[in-house]
Amino acid sequence: MIRKALLIGAPGAIKTKNFLEGVEVDLNHFELFLKSAVGGSWNSEEITRLNNSSCEDFIAQFENSKCDYLLVYFSGHGNHFLNESNIAINDEDVINIPQLIELINTKKAL
């Protein structure tokens, strides 16, 4: 079985009041958990971190993932407005949850 974990971090622009210092800590802790026996003993090469990635890199991670099991973890900025939940993938771009699910389902079809 091939598995992959995508750890997505979007802390906001550095040196602004909206910068979330805890994002890096969250990603570090979750990666340590995954590598632990309780978390599944994941190997480093099974874990990819995306920190403020471009839209193209973000989408490519899903399109190019050839795996049987995909775990997606997010820490950072997001919002909920009129029944639509969004996550920030960098300081300028957001993706809504249905778009993310569509990317994952497209990956399954590959």
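Residues numbered from 1 in each chain as written. Predicted model: local features only at pLDDT ≥ 70, side-chain atom pairs only at ≥ 80, totals over all residues. Heavy atoms only, no water.

Colleague: Tell me about the sheet that holds strand β6 (residues 94-96), and please be specific about residues and values.
Modeller: Pairing is antiparallel across the open sheet formed by 3 strands, whose spatial order is β4-β5-β6. Since the sheet does not close on itself, it has two edges, and those belong to β4 (78-81) and β6, each with one partner. Sheet twist, expressed as the average angle between the axes of neighbouring strands with direction ignored, equals 25°. As defined by bridge partners, β4 adjoins strand β5 (residues 84-88) across 4 bridges and the pair is classed as antiparallel. By the bridge assignment, F81 is partnered in β5 with E84. (Pairing = 2+ DSSP bridges. Helix = DSSP H or I, 4+ residues; strand = E, 2+ residues; numbered from the N terminus. Axes fitted to C-alpha atoms, helices over the stretch in contact; angles between N-to-C directions.)

Colleague: Report on unusual backbone geometry, specifying residues and quantitative values.
Modeller: Although it is not a glycine, S41 adopts a positive phi angle of roughly 55°. In this structure, S41 sits in the loop between α1 (22-35) and β2 (47-51). Phi at N52 is positive, roughly 50°, even though this residue is not glycine. Here N52 shows up in the loop between β2 and α2 (55-63).

Colleague: Any chance you could break down the sheet that holds strand β3 (residues 69-76) for me, citing the residues and the numbers?
Modeller: Strand order in the open sheet formed by 3 strands is β2-β1-β3, with parallel pairing between adjacent strands. Of all the strands in the sheet, the pair left with one neighbour each is β2 and β3. Ignoring which end each strand starts from, the neighbouring axes of this sheet average 15° apart. Sitting on the sheet, α2 touches β1 (3-10), β2 and β3, and the angle it makes with β1 is about 165°. (Contact = heavy atoms within 4.5 Å.)

Colleague: Help me get a handle on the nonpolar core, residues and values and all.
Modeller: Counting 12 residues, the largest nonpolar core consists of L6, I8, L50, F58, F62, C67, L70, I87, I89, I95, L100 and L103. Among the elements of the structure, β1, α2 and α3 (97-109) are those that each provide at least two residues to this core. Those residues in contact with I87 that sit more than four places away from it in its chain are F74, H77, G78, D93, V94, I95, I97 and L100. Judged by nonpolar contacts, the second largest core, of 9 residues, contains L34, W42, I47 and L71. (Core = buried A, V, L, I, M, F, W, Y, C linked by side-chain atoms within 4.5 Å. Buried < 20%, exposed > 50% of the residue type's maximum accessible area, 1.4 Å probe, protein only.)

Colleague: I'd like to hear about the environment of Y69, residue by residue, with values.
Modeller: Tracing the chain through its elements places Y69 in strand β3. Among the residues examined, Y69 registers a relative accessible area of 40% and is labelled partly exposed. Filtering out sequence-adjacent residues up to four positions away, Y69 remains in contact with M1, I2, R3, K4 and W42.

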